[in-house]
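# Observations on the model geometry
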Amino acid sequence: MIRSPLALVLLAMGLAACTPQDPQQRTSAALADGVLLPAYKAWHESSQQLAESSKAFCAGSQDLGAAQQAFLTDVASWAALQPLQVGPLAEGNRAWQVQFWPDKKNLVQRQVENLLKKKPQLSQADVEKASVVVQGLTAYEYILFDAGIDLSDATQKSRYCPLLTAIGEHQQRLSAEVLGQWQAEDGMTAQLKEFPNTRYAEAPEAVAELLRAQVNAIDGLKKKLGAALGRQSKGQPQPYQAEFWRSNASLASLAASLASAERLWLGANEDGVRSLLNDGQKELAGRIDQQYAVTRQQLATLQRPLGELLADETGRAELTAFYDNLNLVHRLQGGELAKVLGIQLGFNAHDGD
Amino acid sequence: MKRRAFLGLSGLALAAGAFGGWKLIDHGPQPLLLSARDDADGHHYAVGYRLDGSKAFATRVAERCHDVVPHPTLPLAVFVGRRPSRESYLVDTRDGRLLQTLASPADRHFYGHGVFHQDGEWFYSTENDTRDAGRGVLGVYRLQGERLQRVAENSTHGIGPHQLLWMPGGEELVVANGGIRTEADSRVMMNLDAMEPSLVLMRRDGTLISKEQLPQQMNSVRHLAVAADGTVVSGQQYEGDPQDAVPLLAIKRPGQPFQPFPLGEAQRMAMHQYTASLAIHDELRLLGLTAPRGNRFFIWDLDSAALLLDAPLPDCAGVGAVADGFVVTSGQGRCRLYDCRGEKIAVRPLELPAGLWDNHLRLA
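Everything numeric in this text was worked out from a predicted model, so none of it was measured. (Residues numbered from 1 in each chain as written. Chains lettered and ligands numbered in written order. Predicted model: local features only at pLDDT ≥ 70, side-chain atom pairs only at ≥ 80, totals over all residues. Heavy atoms only, no water.)

### Some remarks on the overall build of chain A
The cut-off we apply is this: The helix and strand labels rest on DSSP assignments: H or I over at least four residues marks a helix, E over at least two residues marks a strand, and numbering proceeds from the N terminus. With the radius of gyration taken over C-alpha atoms, the globule rule is written as 2.2 Å times the number of residues to the power 0.38. Buried residues are those whose accessible area, probed at 1.4 Å on protein chains only, stays under 20% of the maximum for their type, while exposed residues exceed 50% and partly exposed ones sit between those limits. Note on contacts: a residue pair qualifies if any of its non-hydrogen atoms lie within 4.5 Å across the two residues. Note on areas: these come from Shrake-Rupley sampling with a 1.4 Å probe, and a residue is covered only by the protein chains present in the view. For the purpose of charge, His is not counted, nor are the chain termini; Lys and Arg are scored as positive and Asp and Glu as negative. A single reference atom marks each charge: NZ on Lys, CZ on Arg, CG on Asp, CD on Glu.
Counting secondary structure elements, chain A contains 13 helices and one strand. What you see for chain A is a C-alpha radius of gyration of 21 Å, in line with the 20 Å of a compact globule of 353 residues. Each principal axis of the C-alpha atoms in chain A carries an extent, and together these give about 65 × 55 × 40 Å. Looking at chain A as a whole, 54% of its 353 residues are labelled buried. Contacts in chain A between residues at least 24 apart in sequence constitute 74% of all its contacts with a sequence separation of at least 6. Working note: accessible area of chain A is about 15200 Å², and carbon and sulfur atoms make up 51% of it. Side chains of chain A carry 33 positive and 39 negative charges; the gap between the two charge centres is 5 Å.

Structure (structure tokens):
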């Protein structure tokens, strides 16, 4: 049993606490209140709705279409958290409990089927103890969308429903736990607003972590798209390596993540990372604005689902062009912006020894 | 200028050789923190700072360094080139003067770690024999005046050696053979399907005492800490699947086999299959570990293996024991002092420059 929370106190230090006028503190605080906390609340709400939907669907009071819609809504709010993964969600293996990607060996199908074979009378506790592979949205998606499962068949529905409702419950609990840690006194929101605290010695550390989370997430979007495009497999498209391929939600998820990254850049009230650039740096700010716009607009023109786009040359060319734009967002934010702001992104973590 | 430096140091070396009560290093009350560091433009430095934030020196060097090896008695330290560097730097820690750029032979490169023998005359470093890529070599150097001279080499009895440290008594070495083959001028891993990591105990004349392995072939044994009672702890970096559960910390207590350190599942997962620097606090019997990919710093009770601290620290890098507890540097944020004397561990940011600190630190 791990002693938790572990004892850590902050020593009164010879540092002057930041003044409210400090731009880094202002930005961190504004993003905490205006972008991050609302996104975590939205995720918790959609996770609650997912849990309710799973129960209603399994009780026969909701149809499959509505259940699938509740899932897609939760996927979108989860995707919006990708560039905002600082604090509790980035810790304790929690993100894996929401989404299992990459799933190169189709572990989701194997583990769901094995679990149901072993535990036909599946309980909530069984799922809480089980691997992260079966606890999250990827397993939920498998049940609701996989071509091999026919939920209109009563036997199949009763076979999968205990797991479906248990995942819904797990997601609701997990999101409640994370949101609780954001809202607690001295919790994550507070730690992004008042410095020093036990997490951040000063505001620039918090801003650096926000930028790092955002840049890592954009890199993650590139990896997700790149895996499907076959960039790691000699150009051979890998549609089943895409995230949320069963529900055709890959591009919608990408769009939600990208929009959230842009919100972190702009802020809710023009008080995001962008506001840290001075007049002499407005040219860079303009280029980043422009690159977000181009990338966002291009994504909007991709009308077909990812699987279809991967299947023909025109589609692959469109996706590659989108990938290149995403790459430019990544380079502008992770390269030029980080340098101008004097932020180190993973000096040791990325290039360790 | 060169000649004066030479004379000055020969004098010191002579005095050290004579021993007899010379107090050669007087750093005052504040220990000197030695580390490799970069600036924002990517230039590399060998630096020394007092813990109160005052800079002793920052000497620009051509290649990025990794660990630092202070001389046991003289105000000297070797900043060891990070793999696949073929340069290390002998620096005067009083003022940062670069005394020697130590070159490896053409078919060897440094792995970033070394040790001075307790008599101060011999320096040993882990090296790669690039003619037989990955074959582990223990380079043997002799300190003569202001210069280190390579005089011999031995095998490390393994592949891709990384950190090495002295066992208590200072005559036997423990070596972390990472098990990964890389070529000259390259960091590309050539043998992920056939890695051979091992923990080796050997005498400094090269004789093998023992060689032990963990079961997971892709679990690279990289970094070490040795307690005064001879307990060895190793930190691993796992090259296999991100989801595999493997021992990222292992321990060899005196007289016992090399085995996994009982690590909590939450901590193991938080490390993202990657550990960086370890330090043991001998008086308090504590183990500190940085995990920069997980952005976390950990402290355990060395004897009971109880977890005492699991704290966020962005891109945490080097860790070293000081009287109060541990000093930890960061590639990204402020350096911290974790005061472990009280019932609760207390953290205090240090007045050192923030960020760009490389993986290891030494306190001299």
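So much for the structure itself; the text now carries on.
### Considerations on the overall build of chain B
Along chain B, the regular secondary structure elements total two helices and 28 strands. For chain B, the C-alpha radius of gyration of 19 Å lies close to 21 Å, the compact-globule estimate for 364 residues. Each principal axis of the C-alpha atoms in chain B carries an extent, and together these give about 55 × 50 × 45 Å. Across the 364 residues that make up chain B, the buried fraction comes to 62%.

### Here we look at the side chain of B:T329
Within the secondary structure, B:T329 is located in strand β25 (residues 325-330). Excluding residues within four positions of it along the chain, B:T329 makes contact with B:L33, B:D315, B:C316, B:A317, B:G318, B:C335, B:W357, B:D358 and B:L361.

### Points about the sheet that holds strand β10 (residues 135-144) of chain B
Residue and element names in this part refer to chain B. As a reminder of what qualifies: For two strands to be treated as a pair, DSSP must find at least two bridges joining them. Note on geometry: axes are C-alpha line fits, over the in-contact stretch for helices, and angles between N-to-C directions span 0 to 180 degrees.
The antiparallel open sheet is built from four strands, whose spatial order is β8-β9-β10-β11. In this open sheet, the two edge strands, each paired with only one partner strand, are β8 (108-116) and β11 (147-159). Shown here is a sheet whose adjacent strand axes are inclined to one another by a mean of 25 degrees, direction ignored. Of the strand pairs in this sheet, β10 and β11 are connected by nine bridges, and their pairing is antiparallel. Of the residues in β11, the one forming a bridge with Y141 is R150.

### Some words on the pattern of salt bridges
Residue and element names in this part refer to chain A. As a reminder of what qualifies: Every case where a carboxyl oxygen of Asp or Glu lies within 4 Å of a side-chain nitrogen of Lys or Arg is listed as a salt bridge.
Evaluated as defined, the whole model comprises 52 salt bridges over all chains. Between D33 and K193 there is a salt bridge; the shortest N-O distance is 2.8 Å. Here D33, found in helix α1 (residues 23-59), pairs with K193, found in the loop between α8 (188-191) and α9 (203-229); they are 160 residues apart in sequence, far enough to count as distant. Relative accessible area serves as the criterion here: at 40%, D33 is assigned to the partly exposed category. What makes K193 partly exposed here is its relative accessible area of 27%.

### Focus on the domain arrangement of chain B
All names here are of chain B. Here is the rule we go by: An automatic or database domain assignment supplies the residue ranges for each domain.
Segmenting chain B into domains produces domain 1 (52-213) and domain 2 (234-244 + 260-364). Summarising the inter-unit geometry, the C-alpha centres of domain 1 and domain 2 are found 23 Å apart. Tallying the contact residues gives 14 residues for domain 1 and eight residues for domain 2. Here domain 1 is connected to domain 2 by two salt bridges.

### Overview of the environment of A:Q236
When you line up the elements, A:Q236 lands in the loop between α9 and α10 (250-266). Separated by 166 residues in the primary sequence, A:Q236 and A:A70 place their C-alpha atoms 33 Å from one another.

### A look at the interface of chain A and chain B
Rule in force here: For any pair of parts, buried area is found by adding up, for both, the accessible area (1.4 Å probe) each one loses once the two are put together. Polar contact is the term for a pair of N or O atoms within 3.5 Å; when the atoms are in protein, one must be able to donate a hydrogen and the other to accept it, and sequence-neighboring residues count only if both atoms are side-chain atoms. Lys, Arg, Asp and Glu make up the charged group, whereas Ala, Val, Leu, Ile, Met, Phe, Trp, Tyr, Cys and Pro make up the nonpolar group; the residues left over, Gly among them, are polar.
Each partner contributes to the interface: chain A provides 37 residues, whereas chain B provides 49 residues. Both sides of the chain A and chain B interface together cover about 3700 Å² of buried area, and 51% of this is carbon and sulfur. Among the residues of chain A in contact with chain B, A:F347, A:N348 and A:D353 are the three that bury the most area, contributing 23% of the side total. If you look at where chain A meets chain B, you find eight salt bridges. Notably, a salt bridge pairs A:D353 with B:R222, separated by 3.3 Å at the nearest N-O pair. The tally of links from chain A across to chain B stands at 15 residue pairs in polar contact (both at pLDDT 80 or more). Those elements giving two or more residues to the side of chain A that touches chain B turn out to be β1 (8-10) and α9 of chain A. For the side of chain A that touches chain B, the element with the most residues is α9(A), which contributes four residues. When grouped by side-chain class, the residues that make up the side of chain A that touches chain B number 19 nonpolar, seven polar and eleven charged. Of the strand pairs in this sheet, β1(A) and strand β27 (residues 345-349) of chain B are connected by three bridges, and their pairing is parallel. Its bridge partner being in β27(B), A:L10 is matched across the sheet by B:V347.

### What about the packing of aromatic side chains?
Filter applied, for reference: Any pair of Phe, Tyr and Trp rings, taking the six-membered ring for Trp, is counted once the centres come within 6.5 Å. Such a pair is stacked with planes under 30 degrees apart, edge-to-face with planes over 60 apart, and tilted for the rest. Put simply, a charge is over a ring when the Lys NZ or the Arg CZ is close to the ring centre, within 6 Å, and near the line of the ring normal, within 35 degrees.
Counted under the stated rule, the structure contains 18 aromatic pairs over all chains. Taken together, the ring pairs connect A:F71, A:Y140, A:F145 and A:F244 into an aromatic cluster. The ring of B:Y274 carries B:R293 above its face, with NZ or CZ at 3.9 Å from the centroid.

### Quick look at the environment of A:A51
All names here are of chain A. By the element assignment, A51 lies in helix α1. Its relative accessible area of 1% is what places A51 among the buried residues. Not counting residues up to four positions away in its chain, the partners in contact with A51 are G168, E169 and Q172.

### A short note on the pairing of strand β7 (residues 98-103) of chain B
Residues and elements named next belong to chain B. Inspection of the sheet shows strand β6 (residues 87-92) paired to β7 by five bridges, in the antiparallel sense. From the neighbouring strand, Y89 faces β7, where its bridge partner is T101. Between the end of β6 and the start of β7, which pair antiparallel, lie five residues, with G96 showing a positive phi angle near 85 degrees.

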